[in-house]
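Coordinates in review
What follows is the residue order along each chain.
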Amino acid sequence: MSKKYKIAIVGATGAVGEELLTVLDELNLEVESILALASAKSVGKEVEFKGKGYRVKELTETVFKENPVDIAFFSAGGSVSAKFAPFAVKAGALVIDNTSHFRMQEDVPLVVPEVNAEDIKLWKKTGIIANPNCSTIQMVQILKPLDEIFKLQRVDVATYQAASGAGKKGMDELISGLQSFFAFNLAEFKSSTFPHTLALNVIPQIDIFMENDYTKEEMKMVNETQKILHKSLEISATCVRVGVLRSHSEALTLHFEKEVSAKKAKEILAKAANIVVIDEPQKQKYPMPLLSSNTNETYVGRIRGDLSRKNVLHLWCVADQIRVGAATNAVRIAKEWIKLNNQA
């Protein structure tokens, strides 16, 4: 009989926390119990897993010692992870962190299982495995199999990121803005989550601007991709927030050492784990957010060679940010970690 695991979810009432409960079930991780944790204002609320209710407890410095778990998923913000993840580790849990806090720490593995599952073995150094940025995850899933064959040199990416990237409050603000539009008072609408009104708009800024005029989100994609692939690639990103509720889209331009063909690239990606190729442009079939939302796969299409250079490929990919970009990747990390431990 296989072992069942005691699971903690920090940020259990948030968008990613709620999705984790769904994905844990869908991906068949053997769960014995759920410890649902959140801030004091959420205490007493109830979350459901496989038909059983679990009351939310307050996240404290002693809660993991009082309620030991095997795996703790953190999805409540970087400052929360910074303060409380060490207490979970000290109490014997593996921490899988969905925030940016630990990602670039040298002794913390940054993992996308389809790409660098071998890095999971480094978890013992700190007891923590970091989940990458949502946009990075879907991109590296595509880069890795192509790099193995054609030797990637440079990536230029433009993202079209949904409101869900800012959590529940982002989705709520987009809906409120649209409601204001239909009530003929969008001009009076005041945004608080985004720097400008997102409804019927496109905002070329995600997170704060750095000294180099790239945003923090854009630099995450650059630095995280290099760490995950263990490769010093040339990367440039432009991250844009769009008035879509859920699922991020990306337009990628990829430069390789070798000559690349669209046909061969499609064949490679069609065989890659958790990637679905939808590429029949003459039939108007290509990935879109409405197709990818609430799924655990990354969708790719519009795969085509460059008009001038035989070593350049262009493509379009879409994935559910809350799932592939957070909850699904985290659960896949947990499953790989369990497999590694079972082999030891």
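Now for a quick tour of the structure. Every chain's residues receive numbers from 1 upward, in the order its sequence appears when written. With the structure being a predicted model, the display of local features is reserved for residues of pLDDT at least 70 and the display and counting of side-chain atom pairs for 80 or more, all residues being used for whole-chain, interface and lining totals. For the side-chain quantities, the full set of heavy atoms in the structure was used; hydrogens and water were omitted.

With respect to the sheet that holds strand β9 (residues 152-161)
- In spatial order, the strands read β10-β11-β9-β12-β15-β14-β13; together these seven strands make up an open sheet with mixed pairing. Strand pairing shows two members of the sheet lacking a second neighbour, β10 (202-203) and β13 (275-277), which therefore form its edges.
- Two strands make a pair as long as DSSP finds a minimum of two bridges between them. The secondary structure listing takes helices from DSSP runs of H or I that are at least 4 residues long and strands from runs of E that are at least 2 residues long, numbered from the N terminus. In the sheet, strand β14 (residues 298-305) pairs with strand β15 (residues 312-319) via six bridges, with the strands oriented antiparallel. When the sheet's bridge partners are listed, Y299 is paired in β15 with V318.

Quick word on the pairing of strand β1 (residues 5-10)
- Most of β1 is tucked away: five of the six residues are buried.
- As defined by bridge partners, β1 adjoins strand β2 (residues 31-38) across six bridges and the pair is classed as parallel. Across the sheet, K6 pairs through a bridge with S33, a residue of β2.
- Crossover handedness is defined by viewing with both strands directed away from the observer: a clockwise path from the first strand over the helix to the second marks the crossover as right-handed. Crossover connection from β1 via helix α1 (residues 15-26) to parallel β2: handedness right-handed.
- Here four bridges tie β1 to strand β6 (residues 71-74), and the two strands are oriented parallel to one another. Following the sheet pairing, I9 is matched in β6 by F73. Burial here depends on accessible area, computed with a 1.4 Å probe over protein chains only, as a share of the maximum for the residue type. Under 20% is buried, over 50% is exposed, and the range in between is partly exposed.

With respect to the environment of E297
- In this structure, E297 sits in the loop between α9 (289-292) and β14.
- Sequence separation between E297 and I149 is 148 residues; the distance between their C-alpha atoms is 22 Å.
- Ignoring sequence-local partners within four residues, the contact set of E297 consists of N274, V276, V318, A319, V324 and R332. Here a residue-residue contact requires only that any non-hydrogen atoms of the pair lie within 4.5 Å.

Side note on the packing of α1 against helix α10 (residues 323-343)
- All axes are obtained by fitting lines to C-alpha atoms, using only the stretch in contact for helices, and the reported angles, taken between N-to-C directions, cover 0 to 180 degrees. Between α1 and α10, the least distance of the axes is 9 Å, while the angle of their chain directions is 50°. Between α1 and α10, the crossing angle belongs to the class labelled oblique. Both α1 and α10 take part in a crossing whose hand is right-handed. Here α1 contributes V16, E19, L20, T22, V23, L24 and E26 to the contact with α10, which in turn contributes R323, A326, A327, T328, A330 and V331.
- Ten residues, namely Ala, Val, Leu, Ile, Met, Phe, Trp, Tyr, Cys and Pro, are considered nonpolar, four, namely Asp, Glu, Lys and Arg, are considered charged, and the remaining ones, Gly among them, are considered polar. Taken together, the residues of the contact of α1 with α10 sort by class into eight nonpolar, two polar and three charged. Throughout this description, any angle smaller than 35 degrees is read as roughly parallel, any larger than 145 degrees as roughly antiparallel, any in the 65 to 115 degree range as roughly perpendicular, and the remainder as oblique. Handedness of each helix crossing follows the sense of rotation of the near helix against the far helix: counterclockwise by less than a right angle gives left-handed, clockwise gives right-handed.

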